[in-house]
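A look at the structure
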2 protein chains.
Amino acid sequence: MIPANFIEALHQEILQTQYGRYPAELYDPIRYIMNLGGKRLRPLMTLMAAYLYTDDWKKALKPAVAVEVFHNFTLMHDDIMDQAPLRRGQPTVHEKWNHNIAILSGDVMLVNAYELLLDVETPHLKRVLARFNRTAAEVCEGQQWDMNFETRWDVTETEYLEMIKLKTSVLLGFALELGGIIGGADEANAARLREGGIDIGIGFQLKDDLLDVYGDPAKFGKQVGGDIIANKKTFLLIEALQQATGSLKDELTGWLSRTEFDKQEKVQAVTAIYDQLGIREITESRINQYFAEGFANFDQIEAEPARKDMLLTFTRQLVERES
Amino acid sequence: MIPANFIEALHQEILQTQYGRYPAELYDPIRYIMNLGGKRLRPLMTLMAAYLYTDDWKKALKPAVAVEVFHNFTLMHDDIMDQAPLRRGQPTVHEKWNHNIAILSGDVMLVNAYELLLDVETPHLKRVLARFNRTAAEVCEGQQWDMNFETRWDVTETEYLEMIKLKTSVLLGFALELGGIIGGADEANAARLREGGIDIGIGFQLKDDLLDVYGDPAKFGKQVGGDIIANKKTFLLIEALQQATGSLKDELTGWLSRTEFDKQEKVQAVTAIYDQLGIREITESRINQYFAEGFANFDQIEAEPARKDMLLTFTRQLVERES
């Protein structure tokens, strides 16, 4: 369990953060997207990583918010690119305002993230910023690969894993490394936090892909089979496209090319193909492999056992979630 | 005159800058827009400001390129928002590639600008980044005001001057301040560089507005009257809207509301209205006031006279340009 005071302090810090005032069209969307909620996993990871090495974990609060602001900046711009109407059940910024405002507010959010990072103590600042710059560029690279993959049917497993690593996992790695550096971790331990975070992050994304098909409808927040209906190129689909041969392959590509279909029928049919190919087991095995590598990295972290336990327990809860 | 070695070193540094490689769709547009040319005024200002206080002006090269990269990032995103087809006579990034690529490449360019700024020596880094963050946010604010003004006919002179200050002038001020800080200027001299740059920058923008109407067609690069044809809310139009009364006001608003017209006839008619209202003289007087304030700030800069002369001579040339 994560202590309530971490969550409360983070919540307060996000509420107190000043993004700017005028023109309102520029700054209102920032407050809007930041207040849509979310689990705040990344900044909590930053606080826990800092706490590994210091009682003064509060000095990681502003940098932790920087990570959350950066994450929400990527959501704001990704939503434009994906033409997404909703984010966490509410209208996206480009829908509620317009495209230009979503571009420009996002730009200022990225600047805001850098401003919050300036709170890092001077001896660590250059190192933190260099790592953040690399991470931010990688997240953009991941988004570009993801967009490129939309029009390709020959995406390999290796390419897909590299894409999700860049698009979603390096930021979790950075969130942990950032906390470590602020707390006083040496290079080796900061690297273990980062690498562990990246592995766990890849495992999370693969589990997202898996739950979309094999999740318990009673527990899974979204419609089970949504990715299948949308032909979304998930790990499961990429794996199935690579494994299937003969009539099974024809059946799968048939479902992918059909523009009119009964949704439930398509979900059942594609799931049956996955079942025949053993895609669930292949995916679960990959997920377990990444989680195991992540925990192996965390195990090597040198820190007080009681403090490490909090990070490990929290991560284990995330790993075991079913929604 | 600016020494050829400043220009040559800057040119080489821009050519050598690594923006990233894969995916190509993400990084090719950065190289494309950076190679469209331009006068490179802002980074040259950075180098000259550094040279005021150090012979080792080359240590300002990467930060100077950061300013140019940031400037081109704003152009890439502004061109999307303005739906501009051309930039320096070539297709804009969103036209040559697409909107999503222009958003995402721009995002990475902003990250690249921060990465180049990390070259600033550690003792100055935090101060430089804090100033850059403020400047970057202000540039976005200026762009938002500019977009807001498009649908308003009651924009005041004060609002317009504040908008161009934010959108275009604070970056020139930052370019100069940055060079000063890197060279070793104290707070007072860095502030003079910044304030002088802002005043000169506002003067430049007003002169742009003026030349569009009163420029010599033989010297002016663009079509004289382009702003009038497009109903662009320039200093001249805002001033005319505020000064005109009675039948002159009706005539002006008539031209603004007409959707079909002979371009040459509109340019001549609106120019004649400006002439009757003395808009040229009002604008020239404002330009001279800003230039005078800029030079007054520069005059107070404490630096070796020979070094200051280079900055003053270069600025004077810019101020006297007629295109």
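Cut-offs and rules
Residues numbered from 1 in each chain as written. Chains lettered and ligands numbered in written order. Predicted model: local features only at pLDDT ≥ 70, side-chain atom pairs only at ≥ 80, totals over all residues. Heavy atoms only, no water. Helix = DSSP H or I, 4+ residues; strand = E, 2+ residues; numbered from the N terminus. Rg over C-alpha atoms; globule rule 2.2 N^0.38 Å. Buried < 20%, exposed > 50% of the residue type's maximum accessible area, 1.4 Å probe, protein only. Contact = heavy atoms within 4.5 Å. Lys, Arg positive; Asp, Glu negative; His and termini not counted. Charge placed at Lys NZ, Arg CZ, Asp CG, Glu CD. Domains from an automatic or database assignment. Buried area = accessible area lost by both parts, 1.4 Å probe. Salt bridge = Lys/Arg side-chain N within 4 Å of Asp/Glu carboxyl O. Polar contact = N/O pair within 3.5 Å; in protein donor to acceptor, adjacent residues only side chain to side chain. Least-squares fit on C-alpha atoms with pLDDT ≥ 70 in both. Phe/Tyr/Trp six-rings, centres within 6.5 Å; stacked < 30°, edge-to-face > 60°. Lys NZ or Arg CZ within 6 Å of the ring centre and 35° of its normal. Axes fitted to C-alpha atoms, helices over the stretch in contact; angles between N-to-C directions. Parallel < 35°, antiparallel > 145°, perpendicular 65-115°, else oblique. Nonpolar A, V, L, I, M, F, W, Y, C, P; charged D, E, K, R; others polar. Core = buried A, V, L, I, M, F, W, Y, C linked by side-chain atoms within 4.5 Å. 1 Å grid on protein atoms, 1.4 Å probe; cavity = no way out; pocket = protein on both sides within 12 Å on 5 of 7 lines; lining within 4 Å. Points joined across faces, edges and corners; volume = space filled by probe spheres on them.

1. As for the overall build of chain A
When its secondary structure is counted, chain A shows 15 helices and two strands. The C-alpha atoms of chain A give a radius of gyration of 20 Å, which matches the 20 Å a tight globule of 323 residues would have. Summarising its shape, the C-alpha atoms of chain A cover approximately 60 × 50 × 35 Å along the three principal directions. A buried classification covers 59% of the 323 residues belonging to chain A. Restricting to contacts in chain A with at least 6 residues of sequence separation, those with at least 24 account for 75%. Here chain A carries 35 positive and 49 negative side-chain charges, and the mean point of each set is 3 Å from the other.

2. Comments concerning the domain arrangement of chain A
Residues and elements named next belong to chain A. When its domains are assigned, chain A resolves into domain 1 (1-137) and domain 2 (186-323). A straight line from the C-alpha centre of domain 1 to that of domain 2 covers 26 Å. With 16 residues of domain 1 at the contact, the number on the domain 2 side is 18 residues. Taken together, both faces of the contact between domain 1 and domain 2 bury some 1,500 Å²; the carbon and sulfur share is 70%. Residue Glu187 is joined to Arg127 by a salt bridge in which the shortest nitrogen-to-oxygen separation is 3.8 Å. The tally of links between domain 1 and domain 2 comes to four residue pairs in polar contact (both at pLDDT 80 or more). Those elements that place two or more of their residues in the side of domain 1 that touches domain 2 are helix 3 (41-51) and helix 7 (122-149). At six residues, the largest contribution of residues to the side of domain 1 that touches domain 2 is made by helix 3.

3. Some points on the side chain of Asn133 of chain B
As for its position among the elements, Asn133 of chain B is in helix 7 (residues 122-149). The buried category is assigned to Asn133 of chain B, whose relative accessible area is 3%. Within the local environment of Asn133 of chain B, its side chain forms a polar contact with the side chain of Tyr114 of chain B, the two groups lying 2.6 Å apart. Apart from residues no more than four positions distant in its own chain, Asn133 of chain B is found in contact with Val111, Tyr114, Glu115 and Leu118 of chain A together with Tyr114 of chain B.

4. Regarding the relation of the copies chain A and chain B
Overlay of chain A on chain B (RMSD 0.0 Å): rotation 180°, translation along the axis 0.0 Å. When the rotation and shift are considered jointly, the pair of chain copies conforms to a two-fold rotation axis. Comparing interface residues between copies, 100% of those in chain A also lie at the interface in chain B; the contact surface is shared.

5. Observations concerning the environment of Phe73 of chain B
Considering the arrangement of structural elements, one finds Phe73 of chain B in helix 4 (residues 61-81). Here Phe73 of chain B falls in the buried class, since its relative accessible area comes to 2%. Considering only alpha carbons, one finds Phe73 of chain B and Ile103 of chain B, 30 residues apart in sequence, at a separation of 9.5 Å. Discounting chain neighbours no more than four positions away, the residues touching Phe73 of chain B are Asp107 of chain A together with Gly106, Met109 and Leu110 of chain B.

6. A short note on the packing of aromatic side chains
The full count for this structure, using the stated rule, is 23 aromatic pairs over all chains. Between Tyr114 of chain A and Tyr114 of chain B, the aromatic rings sit 3.4 Å apart at their centres with planes inclined by 5°, giving stacked as the arrangement. Here the residue Tyr114 of chain A occupies a position in helix 6 (residues 99-117), and Tyr114 of chain B occupies one in helix 6 (residues 99-117), the pair thus bridging two chains. Exposure class is identical for Tyr114 of chain A and Tyr114 of chain B. Each is buried. Summarising the aromatic geometry, the rings of Tyr160 of chain A and Phe235 of chain A are spaced 6.4 Å apart at their centres and angled 45° between planes, so their arrangement reads as tilted. Here Tyr160 of chain A, found in helix 8 (residues 157-183), pairs with Phe235 of chain A, found in helix 11 (residues 235-243); they are 75 residues apart in sequence, far enough to count as distant. Following the ring pairs from residue to residue traces out a cluster consisting of Phe70, Phe73, Tyr114, Phe132 and Phe174 of chain A together with Phe70, Phe73, Tyr114, Phe132 and Phe174 of chain B. For Lys96 of chain A, the ring lying beneath its charged end belongs to Trp97 of chain A, and the centroid distance is 5.7 Å. Directly above the ring of Phe295 of chain B sits Arg316 of chain B, whose terminal nitrogen or CZ lies 5.1 Å from the centroid.

7. Digging into the interface of chain A and chain B
On the chain B side, the residues contacting the 37 residues of chain A number 37 residues. Interface of chain A and chain B: buried area, both sides summed, is about 3,400 Å²; carbon and sulfur atoms make up 70% of it. Counting across the chain A and chain B interface gives zero salt bridges. Where chain A meets chain B, there are 14 residue pairs in polar contact (both at pLDDT 80 or more).

8. Remarks on the packing of helix 14 (residues 279-299) of chain B against helix 15 (residues 305-320) of chain B
Geometry of a packed helix pair, given as the angle between the helix axes and the separation of the axes. Residue and element names in this part refer to chain B. Put simply, helix 14 and helix 15 touch, their axes get as near as 11 Å, and they point 175° apart. Between helix 14 and helix 15, the interaxial angle falls into the category roughly antiparallel. In contact with Phe291, Phe295, Phe298 and Asp299 of helix 14, helix 15 contributes Lys308, Leu312, Thr315, Arg316 and Val319. Of the residues contributing to the contact of helix 14 with helix 15, the split by class is five nonpolar, one polar and three charged.

9. A closer look at the nonpolar core
Phe70, Leu206 and Tyr274 of chain A together with Phe70, Leu206 and Tyr274 of chain B are the most contacted members of the largest nonpolar core, which has 230 residues in total. In this view, Phe70 of chain A contacts Leu110, Ala113, Phe132, Ala136, Val139 and Leu171 of chain A; residues no more than four positions away in its chain are not counted.

10. Brief notes about empty space enclosed by the protein
Where empty space is left becomes clear once a probe the size of a water molecule has been rolled over the atoms. All names here are of chain B. Taken as a whole, this structure holds four cavities of 30 Å³ or more when the rule is applied. Of the volumes computed, that of the largest cavity is approximately 80 Å³. The wall of the largest cavity is formed by 13 residues, among which Asp227, Ile228, Lys232, Leu237 and Tyr274 lie closest to the centre. Broken down by secondary-structure element, the contributors of at least two residues to the lining of the largest cavity are helix 9 (187-214), helix 10 (226-229), helix 11 (235-243), helix 12 (246-257) and helix 13 (263-277).

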